Each structure stands twice: as structure tokens, then as C-alpha cells.
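What the coordinates show
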Amino acid sequence: MEESWASPLTSVAALPLLFIFMWICKRNHQRKIRETSKKLPPGGRSWPLIGHGLKWYMAVASSHPPKFVEDQVRRYGRIFRCNLFGKQAVVSADPSFNRFIIQHEEKLFQSCYPKSFRDLVGRNGVIVVHGEQQRKLHGIAMDMMRAEKLNLMNSHFLADMQMVMVAINLMVNQLLGVSTESEIGEMARLFSDFVDGCLSVPINLPGFTYCTAMRARKTITRKIKKMIEITREQTRSAGENGVLGRLVEEENLPDDVVSDFIINLLFAGNETTAKTMLFALYFLTHCPDALEQVQDEQMGIKRRRGSDVLSREDYEAMPFTLCVIDETLRLGGIAIWLLREAKVDIEYQDLSIPKGFFVVPFLSAVHRDESIYPEALSFYPWRWMDQENKDKRNWRTSPFYTPFGGGARCCPGAELARLQIAFFLHHIVTKLRWVQVKEDRMSFFPSARLVNGFQIRITKNPDEVVD
Ligand code: HEM
């Protein structure tokens, strides 16, 4: 009796609960379907401990750094998973995803460097800081290096630049306002020790390159701080203090931050530009037609100008030389890949990338992709004269051409670097002739270089116009 009374009542009360239960089940089921269809990028097995490190190293040390990436792309597609530097990594040879990564710095991804590197380049430096501090320092660097400012910053800038053409000397001269030969020479020597350490095994014991670099860093920092003091005491006319003067007077940054800022600019701007100059000469040596066209263009400028010092207008009148520089950056761009870490769980198209994974946009895989650049492995500067490639060539916006990175960390020195390389080529091709005396090849490990040091025999150009 009790049962027959309770039963209809229970059924009525249970009905809404049953609906809720079914709705929750359905929702969970749909979520599960969604979650399983969003999956980790595909990837192959790797060796314990070393992961894919050996194959990665062999490719990067060769003259075709995307080799490992290309092999994986053939198997798994342009976005794949592997094991690098002791961690799970997602590597991309996909132009759109690369752009997505560099455009979402700070929100989804974050650049990351080992502690040993951060200690060396400076924990306050723009390269390693994040968030508000990075934005502020990056803004200052961008502002300083803007093309129109390069002319205004220092009325002697372009002339100085051509007198102290060795990249590091130029950087020391411009950044610190140091001009005597002995001061520049000493800073250049210290800096060379410092840079070697950035690319070495981080053992901080006497006799090791890293330790020598840390010592060099201390001396450089002491010198910069002394210069800051002197700069504060002196009031020179605008522009005469170099970048250091502007940082101290206009930006009002603490001394430690100014010092790391300068060291970062020296580090980021020196090797990159000097190596690109070297690669440009190497490519031109192996492409006589391009060399002849650069020589004609530059001799024309020299004849018109009638002097050794170039101006901004001359820079704008060398379209073919700029194609040579852009083609050099495409094939021999110093930054072949960038390193990021996923800050949060990320979903991109039907893929998920868990928080903490390394994410590696492999720039040179795109630069050497046959489906994007026909005859991709040939040095062919004329491709950039093609109007169809105008958008592709715009390194500020193009997903296909990113030698200077992009987004919040795009290279602030890009214009300065192109200007320096163009002027370097002008002086070299108008004044000298050379013959390569030893076979050579590019390698990108531990940093971009020509393995035999590009040995050439140099003679004076017999056609040089005497001023
Ligand atoms: C051919 C020469 C150069 C190349 C190929 C180059 C390339 C790059 C690339 C790819 C990045 C982005 C790194 C990343 O996203 O993790 C970068 C950043 C940077 N570059 Fe350059 N660079 C060159 C010259 C210069 C010069 C001349 C300067 C300064 C005078 C400079 C200063 C910097 C700085 C400070 C950063 C860090 C920006 C930040 O993290 O906010 N670079 N460069």
C-alpha cells in the first residue's frame, strides 16, 4: 500500500532530475568529443634523455638548418611535436601559425632563455624581461632606432657610421658616445669575450669561456656606469651623448637598467649585423651576376656623389643592393628559429598545446619552402624586384618573410641593420676586389658562421674613382 502511494509521487519528482541528468550527460559527451578532436600536434618517438636533440643539432650545424624540420613535416604536417632541450616542444614550419605565435607574445606565449643566459645578458635587459618592463624598454629602443631618427639623432651619424664600419665599433661609438680609438678598442675586446660566453657551455669556473664572459660583463657594466656618471655631470648639446645620453637624460631609468639596456643592444645588434654582412659577401662571391649588378649600382652612386660619405638619399637609390640584403636574410637569416613557451593551454585550429610546452616557430623552414619561394635554395636577389613579391617582402607584416621576428618583440634595429649592411657593401664593392681561396659553407651552430672563416685574397679595385 505504502509502495503504491510513494511510487507515482517519486516518479513525478524524479522526472525533472532525470532530464537534468540526461542534459548533463549529453553536455559532457559533447565536451568529450570536442576535447578528443582537439589534440596534441602529431609527432614521432624520440630517444630517452636526448630526445630529438641529436637530429636537431645535426641539421642546425649543417648549411641547410631546416633539414630535421622538413623530415618531420613530410611525416606529420607543418606543425608537429618533438622532444627538444629536455622538454616537449611544438615546432612550426607553418607561416600562419608562426605569425600567430609572434603576434601573441605575452598573452599566449612567452620568450624564454636559460638562467645562465639571463645572468650574462642582464636580468633587466629588454631581451629577457617580460610584461610592462619589456614594453617600455622595447618602445625606447624602437623610438631610438626609427629610420627618421637615425638622421636626426646625430648630425654626424651617417658619416661616423662609415668611418667606424666594423659593426661592434660602430655600436660602441653610437650607443655610448665613446669615440677615441683606444676606448672603442677596449670595449670591443671585452665585448667579444662577452659574446663568446653567450654561446658557450655555462660553467662559471676560471678558465671557462662563460666565466671569462661574466668577468667581461662586470667590467663593461662598471665602465657603462662610470659613463653614466660623467654623462649626468656634463650637459652636451642634444644628440652628442649618443644613446647613453638620451637614456640618462630623457628616459630617467635606473643605472642598472640603463647598463643592461646598452649591453642588450650591443649583444642583439652586433653579431647579427656583422654575420649578415659576411653572408652577403659570401653569396655575392658565389653569384657573379648579382655581384656585377651591385658593383654597377654602387659605382654609379659613387660617381654621382663624388665623395666617400653616403647620405640617406644614396641609400634610397640602391634598390638592387637592398634586394641582395633581403635575399641574404632569407637564406642566411641569423635568427633561424625563435624559442617560446606556452603560457596557458592553447588551442589553434584543431590542435591543442598544453601550458609549459616549448613552441618553436622555425623561420628558416618558411624562408626555404619551395612552395613559397620557387628555387628556394638558390640565391636569387631578382625575386624581390618582382611586384608580385612586394607584400611577401614586407617583413613587418608578411608571414612568409620574418628575418626580424615580429609582434611585441620585433627587432628594433632592423632598419639600422639594413642601412649598415648597405653602406658596408657600397664601400667593399667600390674599393676592393676579392677571390675566395678556400671552400666554405654556412653553419648555424653554435651561431651563424662560415665554417672556414671565409678566406679571401683582396686587391684594390683598379676602376675606383679617385676623389
Ligand atoms: C641583420 C641584423 C639583425 C637581425 C637578423 C635581427 C634579428 C632579430 C630578431 C629575429 C629578433 C626577435 C627575437 C625574438 O622574437 O625572440 C630581434 C630582436 C631584437 N633585436 Fe635584432 N636583429 C638584427 C639587428 C639588430 C640591431 C642592429 C639592433 C640594435 C641596435 C637589434 C636589437 C634588437 C633587440 C634589442 C631585440 C629584442 C627586442 C625585444 O625582445 O623586445 N637588432 N632581432
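Residues numbered from 1 in each chain as written. Predicted model: local features only at pLDDT ≥ 70, side-chain atom pairs only at ≥ 80, totals over all residues. Heavy atoms only, no water.

Observations regarding the overall build of the chain
Each helix and strand in the chain was counted, giving 19 helices and 11 strands. Considering only contacts within the chain whose residues lie at least 6 apart along the sequence, 68% involve residues at least 24 apart. Accessible surface for the chain amounts to roughly 23,700 Å². Of this, 57% is attributable to carbon and sulfur atoms. (Helix = DSSP H or I, 4+ residues; strand = E, 2+ residues; numbered from the N terminus. Contact = heavy atoms within 4.5 Å. Areas by Shrake-Rupley, 256 points an atom, 1.4 Å probe, with all protein chains shown as cover.)

Side note on the packing of helix H11 (residues 209-233) against helix H13 (residues 255-285)
For the pair H11 and H13, the least separation of the axes is 9 Å and the interaxial angle reads 120°. Taken together, the axis directions place H11 and H13 in an arrangement best described as oblique. Viewed along their axes, H11 and H13 form a crossing whose handedness is right-handed. The segment H11 lies against H13, with Arg217, Ile220, Thr221, Ile224, Lys225, Ile228 and Arg232 engaging Asp255, Asp256, Val258, Ser259, Asp260, Ile262 and Ile263. Across the contact of H11 with H13, the residue classes break down as 6 nonpolar, 2 polar and 6 charged. (Axes fitted to C-alpha atoms, helices over the stretch in contact; angles between N-to-C directions. Parallel < 35°, antiparallel > 145°, perpendicular 65-115°, else oblique. Left-handed = near helix turned anticlockwise from the far one by under 90°. Nonpolar A, V, L, I, M, F, W, Y, C, P; charged D, E, K, R; others polar.)

Describing the UniProt feature "binding site: heme" (unreviewed entry) in the chain
The feature "binding site: heme" (unreviewed entry), as given by UniProt, occupies Cys411 in the numbering adopted here. Relative to the assigned elements, Cys411 resides in the loop between helix H18 (390-393) and helix H19 (414-431). Judged by its relative accessible area of 28%, Cys411 falls in the partly exposed class. Other than its neighbours up to four places away in sequence, Cys411 contacts Met142 and Phe404. (UniProt positions renumbered as here; feature names shortened; annotations may be inferred. Buried < 20%, exposed > 50% of the residue type's maximum accessible area, 1.4 Å probe, protein only.)

So, the sheet that holds strand S1 (residues 79-84)
Either a parallel or an antiparallel arrangement is found when strands of a sheet pair, and the pairing is made through backbone hydrogen bonds. Here we have 5 strands laid out as an open sheet, ordered S1-S2-S7-S4-S3, and mixed in their pairing. Each edge of the open sheet is held by one strand with a lone partner, namely S1 and strand S3 (109-111). When strand polarity is set aside, the average angle formed by the axes of neighbouring strands in this sheet is 35°. Here helix H3 (residues 67-76) sits on the sheet in contact with S1 and strand S2 (87-92), set at roughly 130° to S1. (Pairing = 2+ DSSP bridges.)

Some details on the packing of aromatic side chains
The final tally for this structure, using the stated rule, is 26 aromatic pairs. Between Trp56 and Trp337, the aromatic rings sit 5.2 Å apart at their centres with planes inclined by 80°, giving edge-to-face as the arrangement. Of this pair, Trp56 sits in helix H2 (residues 53-61) while Trp337 sits in the loop between helix H16 (319-332) and strand S4 (340-342), placing them 281 residues apart in sequence. With a centroid separation of 6.0 Å and an interplanar angle of 70°, the aromatic rings of Phe85 and Phe358 are classed as edge-to-face. (Phe/Tyr/Trp six-rings, centres within 6.5 Å; stacked < 30°, edge-to-face > 60°.)

A look at the environment of Arg409
Position of Arg409 relative to the elements: it lies in the loop between H18 and H19. Classification of Arg409 by relative accessible area gives buried; the value is 16%. Here the alpha-carbon distance between Arg409 and Glu106, two residues 303 residues apart in the chain, equals 9.9 Å. Apart from residues no more than four positions distant in its own chain, Arg409 is found in contact with Glu105, Glu106, Ser111, Val126, Ile127, Val129, His130, Gln134, His138 and Arg340. For Arg409, the side chain forms a polar contact with the main-chain oxygen of Ile127, separated by 3.1 Å. At 2.5 Å, the side chain of Arg409 and the backbone oxygen of Val129 are in polar contact. (Polar contact = N/O pair within 3.5 Å; in protein donor to acceptor, adjacent residues only side chain to side chain.)

Notes on the site of the ligand
In the vicinity of the ligand, 25 residues are found, and the nearest of them are Gln134, His138, Arg340, Arg409 and Cys411. At a separation of 2.8 Å, an oxygen atom of the ligand approaches a polar side-chain atom of Gln134. At a separation of 3.5 Å, a nitrogen atom of the ligand approaches a polar backbone atom of Ala268. Elements with a minimum of two residues in the shell around the ligand: helix H6 (131-145), H13 and H19. Per-element tally for the shell around the ligand: the top contributor is H13, with 6 residues. Taken together, the residues of the shell around the ligand sort by class into 15 nonpolar, 8 polar and 2 charged. (Near = heavy atom within 4 Å.)

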